[in-house]
Every structure is written in C-alpha cells, then in structure tokens.
Amino acid sequence: AITYRLAIDEAGITNTAYMRAAGQNGIPCAFIVGKDGHVEWIGHPMQIDEPLKAVVNDSYDREAAGAEFAASQRLKEMQRELVMLRREEKWDEALAILDQLQEEMGAVPGLMSMRLQMLSAAGRNEEASAVRAELMDAAWDSSMALNELAWTTAIGESPSAADLDVALKAATRAAELTDEADGSILDTLARVFFVMGDVDRAIEWQEKAVEHSDGNASIERALDEYRAAKSAEGESDAGEATAAEASS
C-alpha cells in the first residue's frame, strides 16, 4: 500500500521543467533545489539523505556533484553496449570501454562498480578483489555505495576471506555514517557476519536492523534464518558432546 502523498500538476508543467529538462525518464526520481533556487542534485530517493544533509549544512560541493552526475549520465549511455558485451562474454572489449571511460571521467565509484561487476562475471577474481578495495576507499564517505559494495560481496558466489574483510569494513563504515539507524545497512552488516561464520554477531546486528526497519518482512526473515542457524549449531554441539561421552 502507498503510504505517501501523490500529486500531479496541470499540463505536466513540473515534469517538463524538471524531468525532461534534466533528461530523466525513470522513476522514482528526486531533485534537491538549493537555497538559491538551483537544482543541486538529481537521483534516486533512496540516495538523497547524504546530499540533502550537505545542502542544508552549506557543505555541498556543487561542482563535484555536477561532475559525478555527468559521469553517471555517460555511464547510462554506454550501459546498453556494455550489457551486450557482457552477455556475449566479450570481456576484453567491455573492459577496454571501461578503460576509455575512466580516462574521460577518472575513478568515479559508479564506474569502478561497473568494472567490479564485469571482472567478477569474467571470473577474474584477483583483479576484482583489487578493484573492490579501491572502490571501498573511493566511496568511504558514501553509506549507500559502501552498503551496495558490502551486500554484493556477501551474497556473491564463494567470496574470499580477503573480500569479506573488505565487505566488513565497508558495511561497518556505512553503519557508522548512518548512526547505526538504517535498517537496510544494518541488515547488510549482519549478512556479512553471517557469511563469515559469526552467527552471534549476525543475530546481534540483525536484531538492530529489525528495530530500524519498520516491519520489513525480508529483514525479519533474515533474523529467523540466523536464529535457526544458531539453534542448529547448538544441537550439533550437543550431539558431538554426547558422542564424545559415549566413546569415553
């Protein structure tokens, strides 16, 4: 059910002035208009908290944000070609395009994330691990980017111990940036601990995630999963102890 207000203006004037003017055709899409009337930021509503806080506190870097937005638009333009190359497993061609984009735009997190995905799909795990660590450093002050990095690493196929260390650092930093009050980020941190085999810490953080998730069913199911794993772990330990006593 929709729990927020919806509105539309006459003749779609706002859509023309904002969405069309900014070349946006996907929803949801949010805009931050600054104190002087300039559009400061455009993006998904889930990513609005950090730039909004910076705009309100007068610490927003408009030039850097503009460059990042231009980079994201350029990535969107090339995404269809990269998807086709990935589908055809033409890894070298895809990576060559990413090299070209990096020369144009520098090492922006969105581009690095795309390179990480491509290297992982290609099975180039050592190269992927190096990019994963670089991406964490580049996104150190972005809770959303760090959360995405940690989550995709944790749910990936057989992540290495080194990759999980990066995921843990990224998820921990994301939790710090959000004052340990974002349910989805705490959910990621708990998942990383669970994949690392630390079920107790997973339960601890997942309980906090539930507290801050406003009844999110998937987060609650994850807590049930971790508790079930803990229970099975206890039964296994008890069975081993009984077997040891019987043999002595």
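Residues numbered from 1 in each chain as written. Predicted model: local features only at pLDDT ≥ 70, side-chain atom pairs only at ≥ 80, totals over all residues. Heavy atoms only, no water.

**Some words on the overall build of the protein**
Counting its secondary structure elements, the protein contains 11 helices and two strands. Secondary structure elements of the protein occur, N-terminal to C-terminal, as α-β-β-α-α-α-α-α-α-α-α-α-α. The buried share of the protein, taken over its 248 residues, is 33%. When contacts within the protein are restricted to residue pairs at least 6 apart in sequence, long-range pairs at least 24 apart make up 46% of them. As presented, the protein carries roughly 15200 Å² of accessible surface, and 50% of it is formed by carbon and sulfur atoms. Looking at the protein, you have 22 positive and 47 negative side-chain charges, and the mean spots of the two groups are 5 Å apart. (Helix = DSSP H or I, 4+ residues; strand = E, 2+ residues; numbered from the N terminus. Buried < 20%, exposed > 50% of the residue type's maximum accessible area, 1.4 Å probe, protein only. Contact = heavy atoms within 4.5 Å. Areas by Shrake-Rupley, 256 points an atom, 1.4 Å probe, with all protein chains shown as cover. Lys, Arg positive; Asp, Glu negative; His and termini not counted. Charge placed at Lys NZ, Arg CZ, Asp CG, Glu CD.)

**Overview of the side chain of Asn 147**
Tracing the backbone shows Asn 147 in helix α7 (residues 143-154). Not counting residues up to four positions away in its chain, the partners in contact with Asn 147 are Ala 174, Ser 184, Ile 185 and Thr 188.

**Focus on a nonpolar patch on the surface**
Together, Ile 2, Tyr 4 and Leu 6 line one region of the surface with nonpolar side chains, adding up to about 380 Å² of accessible area. Relative to the assigned elements, Ile 2 resides in the segment before α1 (13-20). (Patch = residues over 30% accessible without salt bridge, like charges linked within 9 Å, V, L, I, M, F, W, Y side chains within 5 Å. Salt bridge = Lys/Arg side-chain N within 4 Å of Asp/Glu carboxyl O.)

**As for helix α6 (residues 125-138)**
Since the α-helix advances by 3.6 residues per turn, residues separated by three or four positions end up pointing in the same direction. When the terminal C-alpha atoms of α6 are compared, their 20 Å separation across 14 residues agrees well with the 20 Å that a helix rising 1.5 Å per residue should span. Within the span of α6, buried status applies to Ala 128, Val 131, Arg 132, Leu 135 and Met 136. One side of α6 holds all its buried residues, which, seen down the axis, span an arc of 140 degrees. Set apart from the buried face of α6 by more than 90 degrees, the exposed residues are Glu 126 and Asp 137. Structurally, α6 contributes buried residues whose contacts are with α5 (109-121), α7 and α8 (161-177). (Expected span 1.5 Å × (residues − 1). Arc of directions from axis to C-beta.)

**Some points on the nonpolar core**
Core analysis: the biggest nonpolar cluster contains 49 residues, and Leu 82, Leu 98, Leu 101, Met 118, Leu 149, Leu 189 and Val 192 have the highest contact counts within it. A per-element tally of this core places α8 first, with seven residues. Beyond its immediate sequence surroundings of up to four residues, Leu 98 is in contact with Leu 82, Leu 111, Met 114, Arg 115 and Met 118. Residues Ala 30, Ile 32, Ile 48 and Val 55 belong to the second largest nonpolar core, which totals five residues. (Core = buried A, V, L, I, M, F, W, Y, C linked by side-chain atoms within 4.5 Å.)

**Quick word on the pairing of strand β2 (residues 39-43)**
Buried residues dominate β2, accounting for four of its five residues. Alignment of strand β1 (residues 30-33) against β2, held across four bridges, turns out to be antiparallel. Following the sheet pairing, Ala 30 is matched in β2 by Gly 43. The loop that links β1 with its antiparallel partner β2 comprises five residues; one of these, Gly 37, has a positive phi angle of about 90 degrees. (Pairing = 2+ DSSP bridges.)

**Quick look at the pattern of salt bridges**
Side chains that differ in sign of charge can pair as their charged atoms come close. Evaluation of the coordinates by the stated rule reveals 14 salt bridges. A salt bridge links Arg 62 to Glu 40; the nearest nitrogen and oxygen atoms lie 2.8 Å apart. Of this pair, Arg 62 sits in helix α3 (residues 62-87) while Glu 40 sits in strand β2; the two residues are 22 residues apart in sequence, bridging distant segments of the chain. Assessed through its relative accessible area of 39%, Arg 62 is described here as partly exposed.

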